[in-house]
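Summary of the model geometry
Chain by chain, the residues:
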Amino acid sequence: MTFDSNARLDIGAKYEKDFRRTVLIVDDEPVNLRILGNILKEEFDIVFAQGGTEAVTILKEQKDFLSLVLLDLYMPDGNGYFVLDTMREDETLKNIPVIVLTAEKTAEVESLRRGAVDFLRKPYDSPEVIKARVKRSIELSIDRSIIVETGVDSLTGLMTKEFFFQYAREYDKFHPDQKVDAVVLNFCKFHLINELYGRSVGDNLIRVIAMTAREMSRSCGGVACRYNADCFYMYIEHQSDYSLLKEMLIQRVSSILTPQDARIRIGVYPDLYRSATLEQRFDRATAVSNTISRNIHSPHIAVYDNQMHEKELYEARLLGDMDKALKEHQFMVVFQPKYDITADTPKLFGAEVLIRWKHPEFGFVRPDSFMPLFEENGRIKELDRYVWREAAKQMKRWKDMYGTSVPISVNVSRVDFYDPDLLDFLKGIVAENGIRTDELHLEITETAYTDSVTQIKSVVEGLRNEGFKVEMDDFGKGYSSLNMLTSLPIDALKLDMAFITDIEENNKEMSMVEFILEIARFLGVPVIAEGVESADQYHLLKKAGCDIIQGYYFSKPVSAVEFGQLIEKSAG
Ligand code: C2E
Ligand code: CA
Ligand code: CA
């Protein structure tokens, strides 16, 4: 069942159900089977048996997804008591609730004694009564089995996540064709609510979100759990639209908080692909919810779509192809010249090494689409080492050919700082190729510094003690404080491209650049501006006292051969 536009917000008033359940009806009279089947078929899947023996066979085969048995007592082929006794003695069947169908009072007592949970008297009551008793029996048995098996979350009364996953897995097993959505509901900066308003308001809020999650999942056919402190999972039949959930949350939460404080992110992974495991589907729902800013005000929804799916497939391909690519030398390095502009005429200063992937199927793949991916998946170390070694080998070749080389900078990823062999490896490739450590510059992104100051600081100090030069890359992207900058061991600041793009005489961006240049002078380090594309930008930067420039204005990244020619020209 899906929400239609007239659905009322008060979902509690609608009939509540979890996932569609299956009921076994056992009766030797076809007419009784038909009557009960017709009453229940709208809300349940029905299985029929015409005698006790057949019922037991079905029970054994389908026990995992039968929620209830409606059992006639008097049948020629295996009576109801036989079924009750068989079920009570079987560990795997005894928790399936049974309602007996009978015309006699004495039989009721006897069947309750033998494990039935309720009875329906023939001739039957109204359909509404029958439905209500069936539902209540199922709900009681679920609640009982949840509490018995794993307990519930004490604050919210929702299922625990263990039971939730178990339940969802069972559901998948028996409803392979049902489209199901994985939904993640996440309250951002929840700790602030506790700090600002106190714990009881926080608890209240959690309860209200939990209640909403439960009502939503029940009315859509599904289940909900509290995944951790401020995060809820829902596993529900596919919905085409989640705006109602958003509105429910806004309405409910606004009784406790101002709507601006209700930073709730909703991520939906519609199971349209059926290729992912349950955990992966919730991971994707979480990932898509993370695309919403943590600073949003009022609840927001993001749905995993085909484009994200394509991207994921593409990334999986790239990851899978990496080993082969390394073996077959599909990775290449290019060199982007850096020019010293402090004198009247610009002079070649060095180059930054940048990686390129010549993929046999996708053509040239940009590092922005695979480096962050390899970083996330712990594969970047190998690639970085490959690039550093290529760079060092190339410097040796230039020295052999031209009798000289220029400093070359390589990018160092943040994970490299946690590699205890980093320094030895770098020293090794320098020694192998007969170059000096001060000719190999290391570009370390500013955000790596701000991630973990003490770790990076001690590693960088070690590197500098050996003579390596360290440039702080992408400066301005992160948030180094002035205080931190003064204590950081660095040899140059590399200004992030974003600062250069919009500079014009006397505009705000230009003042920012001038300010950074002042900081660098105060620290006594040169500034490298990257991404310089135009003559205007170049002149503005030169006038402001920038030391080194890298960008399309001088040159795009070039091959080793082309860069060798620049070295030769500048040396000659
Ligand atoms: P990055 O270190 O900030 O490198 C500068 C990027 O700006 C390069 O892109 C370069 O081609 C581009 N660029 C240079 N001048 C200009 C310009 O004037 N205009 C514009 N629009 N762009 C310019 P690329 O080569 O695509 O590299 C992107 C990022 O990938 C790099 O940013 C770096 O973070 C990463 N990367 C590239 N090679 C390596 C590597 O060997 N190791 C590691 N760890 N990361 C790498
Ligand atoms: Ca760089
Ligand atoms: Ca950079």
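Residues numbered from 1 in each chain as written. Chains lettered and ligands numbered in written order. Predicted model: local features only at pLDDT ≥ 70, side-chain atom pairs only at ≥ 80, totals over all residues. Heavy atoms only, no water.

**Regarding the pairing of strand β18 (residues 527-530)**
Side-chain alternation along β18 places V527 and A529 on one buried face and I528 and E530 on a second face that is also buried. As paired strands, strand β17 (residues 492-495) and β18 are joined by three bridges and run parallel to one another. When the sheet's bridge partners are listed, L495 is paired in β18 with A529. Pairing geometry for β18 and strand β19 (residues 548-550), over three bridges, is parallel. (Buried < 20%, exposed > 50% of the residue type's maximum accessible area, 1.4 Å probe, protein only. Helix = DSSP H or I, 4+ residues; strand = E, 2+ residues; numbered from the N terminus. Pairing = 2+ DSSP bridges.)

**Some words on the site of ligand 1**
For ligand 1, the set of nearby residues contains 23 residues, the closest of which are R356, R366, D384, E533 and Y552. Within the side chain of E352, one N or O atom sits 3.1 Å away from an oxygen atom of ligand 1. A distance of 3.1 Å separates a nitrogen atom of ligand 1 from a polar backbone atom of I355. For ligand 1, whose accessible area on its own is 800 Å², the fraction buried by protein is 86%. For the shell around ligand 1, the secondary-structure elements that each account for two or more residues are β12 (347-359), α12 (367-376), α13 (380-402) and β16 (469-475). (Near = heavy atom within 4 Å. Polar contact = N/O pair within 3.5 Å; in protein donor to acceptor, adjacent residues only side chain to side chain. Areas by Shrake-Rupley, 256 points an atom, 1.4 Å probe, with all protein chains shown as cover.)

**Brief notes about the packing of helix α19 (residues 508-523) against helix α20 (residues 535-544)**
Put simply, α19 and α20 touch, their axes get as near as 10 Å, and they point 40° apart. The angle between the axes of α19 and α20 places the two elements in the oblique class. Relative to α20, the crossing made by α19 is right-handed. Of α20, the residues touching α19 (which contributes M510, V513, E514, L517 and R521) are L540, L541 and A544. (Axes fitted to C-alpha atoms, helices over the stretch in contact; angles between N-to-C directions. Parallel < 35°, antiparallel > 145°, perpendicular 65-115°, else oblique. Left-handed = near helix turned anticlockwise from the far one by under 90°. Contact = heavy atoms within 4.5 Å.)

**So, the coordination of the calcium ion (ligand 3)**
Four donors placed tetrahedrally around a metal ideally meet at 109.5 degrees, and six donors placed octahedrally ideally meet at 90 or 180 degrees. The protein atoms that coordinate the calcium ion (ligand 3) are D473 (OD), D474 (OD) and E530 (OE), at distances spanning 2.0 to 2.4 Å. Counting gaps between the donor residues of the calcium ion (ligand 3) yields the pattern D-D-x55-E. A separation of 3.9 Å is found between the calcium ion (ligand 3) and the calcium ion (ligand 2), which are bridged by D473. Highlighted residues: D473 in strand β16 and E530 in strand β18, separated in sequence by 57 residues. (Donors = N, O, S within 2.8 Å, 3.2 Å for Na, K, Ca; no water.)

**Structural notes on the coordination of the calcium ion (ligand 2)**
For the calcium ion (ligand 2), every protein donor is listed as E352 (OE), N411 (OD1), E443 (OE) and D473 (OD), and the spread of their distances is 2.1 to 2.4 Å. Mapping the donors of the calcium ion (ligand 2) onto the primary sequence yields the spacing E-x58-N-x31-E-x29-D.

**Points about a nonpolar patch on the surface**
There is a patch of nonpolar side chains on the surface, built from L192, L196 and Y197 and spanning about 280 Å² of accessible area. Structurally, L196 is set in helix α7 (residues 190-197). Here L196 falls in the exposed class, since its relative accessible area comes to 62%. (Patch = residues over 30% accessible without salt bridge, like charges linked within 9 Å, V, L, I, M, F, W, Y side chains within 5 Å. Salt bridge = Lys/Arg side-chain N within 4 Å of Asp/Glu carboxyl O.)

**Re unusual backbone geometry**
Unusually for a residue other than glycine, K189 sits at a positive phi of about 55°. Its place among the elements puts K189 in the loop between β6 (180-187) and α7. Despite not being glycine, H329 has its phi angle at roughly 55°, a positive value. Inspection of the secondary structure assignment puts H329 in the loop between α11 (306-327) and β11 (331-340).

**Some words on the pattern of salt bridges**
Taken as a whole and judged by the stated rule, the model has 34 salt bridges. Of the charged contacts, one joins K135 and E43 as a salt bridge, the two residues approaching to 3.3 Å between their closest N and O atoms. Here K135 is found in helix α5 (residues 127-149), whereas its partner E43 is found in the loop between α1 (30-40) and β2 (44-49), with 92 residues between them in sequence. On the basis of relative accessible area, E43 is assigned to the buried category, the value being 9%. We note a salt bridge from K324 to E328, for which the minimum N-O separation is 3.9 Å. Since its relative accessible area comes to 45%, E328 is described here as partly exposed. Each of K338, E352, E443, E471, K494 and E530 takes part in a single network of salt bridges with overlapping partners.

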